[in-house]
Amino acid sequence: KLVKSGHESVIEHIYYNIRISGVSRALLQELARHRHASLSVKSTRWALKKIVNKDSIIEKVEPKLDEYGFSYAQIDVIESIAEASEQLEYWIKKAVQLNIPNDIVKYYIQESLCTKLMFTVNARELRHILQLRLSKRALKEFQDLCKEIYKALPKEHLFIYNDILEGYELI
(Lines give C-alpha, C1' and ligand atoms only; values in the text may rest on other atoms or scores of the structure.)
Protein backbone atom coordinates (compact mmCIF):
# COMPACT_ATOMS: atom_id res chain seq x y z
CA LYS A 1 0.00 0.00 0.00
CA LEU A 2 2.81 2.43 0.89
CA VAL A 3 4.74 1.72 -2.30
CA LYS A 4 1.64 2.19 -4.46
CA SER A 5 1.08 5.60 -2.87
CA GLY A 6 4.65 6.69 -3.67
CA HIS A 7 6.36 6.00 -0.32
CA GLU A 8 9.18 3.82 -1.65
CA SER A 9 11.66 4.78 1.08
CA VAL A 10 10.29 1.97 3.26
CA ILE A 11 11.65 -0.65 0.85
CA GLU A 12 15.19 0.78 0.86
CA HIS A 13 15.87 -1.49 3.84
CA ILE A 14 15.43 -4.65 1.74
CA TYR A 15 18.75 -5.63 0.16
CA TYR A 16 19.60 -8.31 -2.36
CA ASN A 17 23.06 -9.75 -2.95
CA ILE A 18 23.20 -11.32 -6.38
CA ARG A 19 26.05 -13.25 -7.96
CA ILE A 20 26.15 -12.54 -11.70
CA SER A 21 28.41 -14.34 -14.17
CA GLY A 22 28.79 -14.69 -17.91
CA VAL A 23 27.81 -11.11 -18.69
CA SER A 24 29.68 -8.74 -20.96
CA ARG A 25 31.74 -5.78 -19.92
CA ALA A 26 29.27 -3.74 -22.01
CA LEU A 27 26.49 -4.76 -19.62
CA LEU A 28 28.80 -4.08 -16.67
CA GLN A 29 29.26 -0.48 -17.86
CA GLU A 30 25.50 0.03 -17.99
CA LEU A 31 25.00 -1.61 -14.61
CA ALA A 32 27.62 0.72 -13.10
CA ARG A 33 25.47 3.72 -14.04
CA HIS A 34 23.09 2.76 -11.24
CA ARG A 35 24.89 4.52 -8.44
CA HIS A 36 22.63 3.26 -5.67
CA ALA A 37 23.85 -0.27 -6.23
CA SER A 38 27.22 -1.78 -5.31
CA LEU A 39 29.36 -3.87 -7.63
CA SER A 40 32.36 -6.06 -6.82
CA VAL A 41 33.77 -7.14 -10.17
CA LYS A 42 36.36 -9.73 -11.09
CA SER A 43 39.41 -7.75 -12.16
CA THR A 44 40.26 -8.15 -15.83
CA ARG A 45 43.68 -6.63 -15.29
CA TRP A 46 44.67 -8.96 -12.43
CA ALA A 47 43.08 -12.09 -13.91
CA LEU A 48 44.12 -11.55 -17.53
CA LYS A 49 46.36 -14.63 -17.73
CA LYS A 50 43.50 -16.82 -16.51
CA ILE A 51 40.97 -15.17 -18.83
CA VAL A 52 43.26 -15.42 -21.85
CA ASN A 53 44.18 -19.09 -21.76
CA LYS A 54 46.41 -19.73 -24.77
CA ASP A 55 44.66 -23.04 -25.55
CA SER A 56 41.07 -21.81 -25.60
CA ILE A 57 39.00 -19.00 -26.97
CA ILE A 58 38.37 -15.95 -24.85
CA GLU A 59 34.90 -16.28 -23.32
CA LYS A 60 32.71 -13.57 -24.84
CA VAL A 61 29.04 -12.72 -24.99
CA GLU A 62 27.74 -13.00 -28.54
CA PRO A 63 24.67 -10.97 -29.54
CA LYS A 64 21.57 -12.87 -30.63
CA LEU A 65 21.51 -11.66 -34.22
CA ASP A 66 18.42 -13.56 -35.32
CA GLU A 67 16.25 -11.25 -33.19
CA TYR A 68 17.07 -8.16 -35.27
CA GLY A 69 16.10 -8.98 -38.87
CA PHE A 70 19.31 -7.60 -40.41
CA SER A 71 19.73 -7.03 -44.14
CA TYR A 72 22.39 -8.91 -46.13
CA ALA A 73 24.61 -5.81 -46.13
CA GLN A 74 24.33 -5.51 -42.35
CA ILE A 75 25.13 -9.21 -41.91
CA ASP A 76 28.25 -8.81 -44.09
CA VAL A 77 29.47 -5.98 -41.86
CA ILE A 78 28.74 -7.96 -38.69
CA GLU A 79 30.63 -10.97 -40.08
CA SER A 80 33.61 -8.69 -40.87
CA ILE A 81 33.53 -7.36 -37.31
CA ALA A 82 33.47 -10.96 -36.00
CA GLU A 83 36.57 -11.80 -38.11
CA ALA A 84 38.37 -8.72 -36.80
CA SER A 85 37.38 -9.78 -33.27
CA GLU A 86 39.03 -13.18 -33.80
CA GLN A 87 42.20 -11.47 -35.00
CA LEU A 88 42.19 -9.18 -31.97
CA GLU A 89 41.75 -12.22 -29.71
CA TYR A 90 44.82 -13.82 -31.30
CA TRP A 91 46.94 -10.71 -30.67
CA ILE A 92 45.73 -10.33 -27.09
CA LYS A 93 46.76 -13.93 -26.37
CA LYS A 94 50.11 -13.26 -28.02
CA ALA A 95 50.60 -10.14 -25.88
CA VAL A 96 49.89 -12.12 -22.70
CA GLN A 97 52.30 -14.89 -23.80
CA LEU A 98 55.00 -12.27 -24.40
CA ASN A 99 54.40 -10.81 -20.94
CA ILE A 100 53.29 -7.41 -22.18
CA PRO A 101 51.98 -5.76 -19.00
CA ASN A 102 48.28 -6.28 -18.31
CA ASP A 103 47.94 -2.53 -17.81
CA ILE A 104 48.70 -2.16 -21.53
CA VAL A 105 46.82 -5.20 -22.86
CA LYS A 106 43.65 -4.24 -21.00
CA TYR A 107 43.16 -1.23 -23.28
CA TYR A 108 42.52 -3.61 -26.19
CA ILE A 109 40.01 -5.89 -24.46
CA GLN A 110 36.59 -5.81 -26.10
CA GLU A 111 33.37 -5.05 -24.27
CA SER A 112 32.08 -8.50 -25.23
CA LEU A 113 34.55 -10.13 -22.81
CA CYS A 114 32.68 -12.07 -20.12
CA THR A 115 32.99 -11.04 -16.52
CA LYS A 116 31.46 -11.91 -13.17
CA LEU A 117 30.48 -9.82 -10.19
CA MET A 118 28.57 -9.49 -6.96
CA PHE A 119 25.70 -7.03 -7.22
CA THR A 120 24.10 -5.54 -4.10
CA VAL A 121 20.97 -3.47 -4.52
CA ASN A 122 18.06 -2.36 -2.39
CA ALA A 123 14.46 -2.98 -3.45
CA ARG A 124 13.79 0.67 -4.29
CA GLU A 125 16.75 0.86 -6.68
CA LEU A 126 15.88 -2.53 -8.15
CA ARG A 127 12.41 -1.19 -8.98
CA HIS A 128 14.08 1.72 -10.76
CA ILE A 129 16.46 -0.59 -12.65
CA LEU A 130 13.63 -2.87 -13.76
CA GLN A 131 11.57 0.11 -14.94
CA LEU A 132 14.43 1.37 -17.12
CA ARG A 133 16.16 -1.79 -18.26
CA LEU A 134 13.19 -3.93 -19.26
CA SER A 135 12.40 -1.38 -21.95
CA LYS A 136 12.78 -2.50 -25.58
CA ARG A 137 15.30 0.37 -25.95
CA ALA A 138 17.60 -1.12 -23.29
CA LEU A 139 20.55 -3.37 -24.10
CA LYS A 140 19.05 -6.81 -24.85
CA GLU A 141 21.53 -8.49 -22.51
CA PHE A 142 20.41 -6.14 -19.70
CA GLN A 143 16.74 -6.94 -20.39
CA ASP A 144 17.58 -10.65 -20.06
CA LEU A 145 19.51 -10.05 -16.83
CA CYS A 146 16.57 -8.14 -15.32
CA LYS A 147 14.26 -11.04 -16.10
CA GLU A 148 16.64 -13.49 -14.44
CA ILE A 149 17.02 -11.27 -11.36
CA TYR A 150 13.25 -11.03 -11.02
CA LYS A 151 12.91 -14.81 -11.28
CA ALA A 152 15.54 -15.24 -8.53
CA LEU A 153 13.80 -12.96 -6.02
CA PRO A 154 12.11 -14.51 -3.01
CA LYS A 155 8.49 -15.28 -3.90
CA GLU A 156 7.21 -13.26 -0.94
CA HIS A 157 8.93 -10.12 -2.39
CA LEU A 158 7.46 -10.25 -5.90
CA PHE A 159 4.44 -8.10 -4.97
CA ILE A 160 6.84 -5.14 -4.56
CA TYR A 161 7.47 -5.17 -8.32
CA ASN A 162 4.08 -6.21 -9.73
CA ASP A 163 2.85 -2.67 -10.48
CA ILE A 164 5.86 -1.84 -12.66
CA LEU A 165 6.05 -5.21 -14.42
CA GLU A 166 2.57 -5.39 -15.89
CA GLY A 167 2.78 -6.39 -19.54
CA TYR A 168 6.17 -8.10 -19.28
CA GLU A 169 6.45 -11.86 -19.66
CA LEU A 170 8.85 -12.69 -16.86
CA ILE A 171 7.96 -16.25 -15.97
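Here the structure is a predicted model, which is why all the values come from computation and not from measurement. (Residues numbered from 1 in each chain as written. Predicted model: local features only at pLDDT ≥ 70, side-chain atom pairs only at ≥ 80, totals over all residues. Heavy atoms only, no water.)

1. Digging into the overall build of the chain
And step 1. Across its full length, the chain holds six helices and three strands.
And step 2. Walking the chain from its N terminus toward its C terminus, one meets helices and strands in the order β-α-β-α-α-α-β-α-α.
And step 3. Counting across all 171 residues of the chain, residues that qualify as buried make up 37%.
And step 4. Carbon and sulfur atoms make up 52% of the accessible area of the chain, which amounts to about 11,600 Å² in all.
And step 5. Between the averaged position of the 26 positive side-chain charges in the chain and that of its 23 negative side-chain charges there is a distance of 7 Å. (Helix = DSSP H or I, 4+ residues; strand = E, 2+ residues; numbered from the N terminus. Buried < 20%, exposed > 50% of the residue type's maximum accessible area, 1.4 Å probe, protein only. Areas by Shrake-Rupley, 256 points an atom, 1.4 Å probe, with all protein chains shown as cover. Lys, Arg positive; Asp, Glu negative; His and termini not counted. Charge placed at Lys NZ, Arg CZ, Asp CG, Glu CD.)

2. Quick look at the packing of aromatic side chains
And step 1. Tallied over the entire structure, the rule returns two aromatic pairs.
And step 2. The interplanar angle of 15 degrees and the centroid separation of 5.3 Å between the aromatic rings of Tyr-68 and Phe-70 together place this pair among those described as stacked.
And step 3. Tyr-68 gets classed as partly exposed once you look at its relative accessible area, which sits at 48%.
And step 4. Ring geometry for Tyr-90 versus Trp-91: centroids 4.8 Å apart, planes at 80 degrees, classification edge-to-face. (Phe/Tyr/Trp six-rings, centres within 6.5 Å; stacked < 30°, edge-to-face > 60°.)

3. What to know about the sheet that holds strand 2 (residues 37–41)
One key point about sheets: their strands pair by backbone hydrogen bonds, in either a parallel or an antiparallel sense.
And step 1. Across the sheet, three strands lie side by side as 1-3-2; this open sheet has antiparallel pairing. Two strands bound the open sheet, and with one partner strand each, they are strand 1 (15–24) and strand 2. For this sheet, the mean inter-axis angle between neighbouring strands, taken without regard to orientation, is 25 degrees.
And step 2. As defined by bridge partners, strand 1 adjoins strand 3 (residues 114–122) across nine bridges and the pair is classed as antiparallel. Note that in strand 3 the partner of Ser-24 across the bridge is Cys-114.
And step 3. Relative to strand 3, helix 5 (residues 123–133) is tilted by about 125 degrees, and along the sheet it contacts strand 1 and strand 3. (Pairing = 2+ DSSP bridges. Axes fitted to C-alpha atoms, helices over the stretch in contact; angles between N-to-C directions. Contact = heavy atoms within 4.5 Å.)

4. Considerations on the environment of Gln-143
And step 1. Turning to its location among the elements, Gln-143 is positioned in helix 6 (residues 140–152).
And step 2. Given the relative accessible area of 7%, Gln-143 is considered buried.
And step 3. Considering only alpha carbons, one finds Gln-143 and Arg-45, 98 residues apart in sequence, at a separation of 27 Å.
And step 4. Ignoring anything within four residues of it in the chain, the contact list for Gln-143 reads Arg-133, Leu-134, Ser-135, Lys-136 and Ala-138.

5. Quick word on helix 5
And step 1. Listing the buried residues of helix 5 in full gives Ala-123, Glu-125, Leu-126, Arg-127, Ile-129, Leu-130 and Arg-133.
And step 2. Where helix 5 is buried, its residues meet strand 1, helix 1 (25–31), strand 3 and helix 6.
And step 3. Between a side-chain oxygen at the N-terminus of helix 5 and the backbone nitrogen of Arg-124 the separation is 2.9 Å; the capping residue is Asn-122. (Polar contact = N/O pair within 3.5 Å; in protein donor to acceptor, adjacent residues only side chain to side chain.)

6. Quick notes on the environment of Tyr-150
And step 1. Mapped onto the fold, Tyr-150 is located in helix 6.
And step 2. C-alpha of Tyr-150 to C-alpha of Pro-63: the two residues are 87 residues apart in sequence and 22 Å apart in space.

7. Quick look at the pattern of salt bridges
And step 1. Summed over all chains, the structure comprises eight salt bridges.
And step 2. Arg-124 is the salt-bridge partner of Glu-12, the closest N and O atoms lying 2.4 Å from each other. Placement of Glu-12 in the segment before strand 1 and of Arg-124 in helix 5 is noted, with a sequence separation of 112 residues between them.
And step 3. On the basis of relative accessibility, which here comes to 32%, the residue Arg-124 falls in the partly exposed class.
And step 4. Residues Arg-127 and Asp-163 are paired through a salt bridge, measuring 2.8 Å at the closest nitrogen-oxygen approach. With a gap of 36 residues between them, Arg-127 in helix 5 and Asp-163 in the segment after helix 6 connect regions that are remote in the sequence.
And step 5. Judged by its relative accessible area of 3%, Arg-127 is buried.
And step 6. Judged by its relative accessible area of 34%, Asp-163 is partly exposed. (Salt bridge = Lys/Arg side-chain N within 4 Å of Asp/Glu carboxyl O.)

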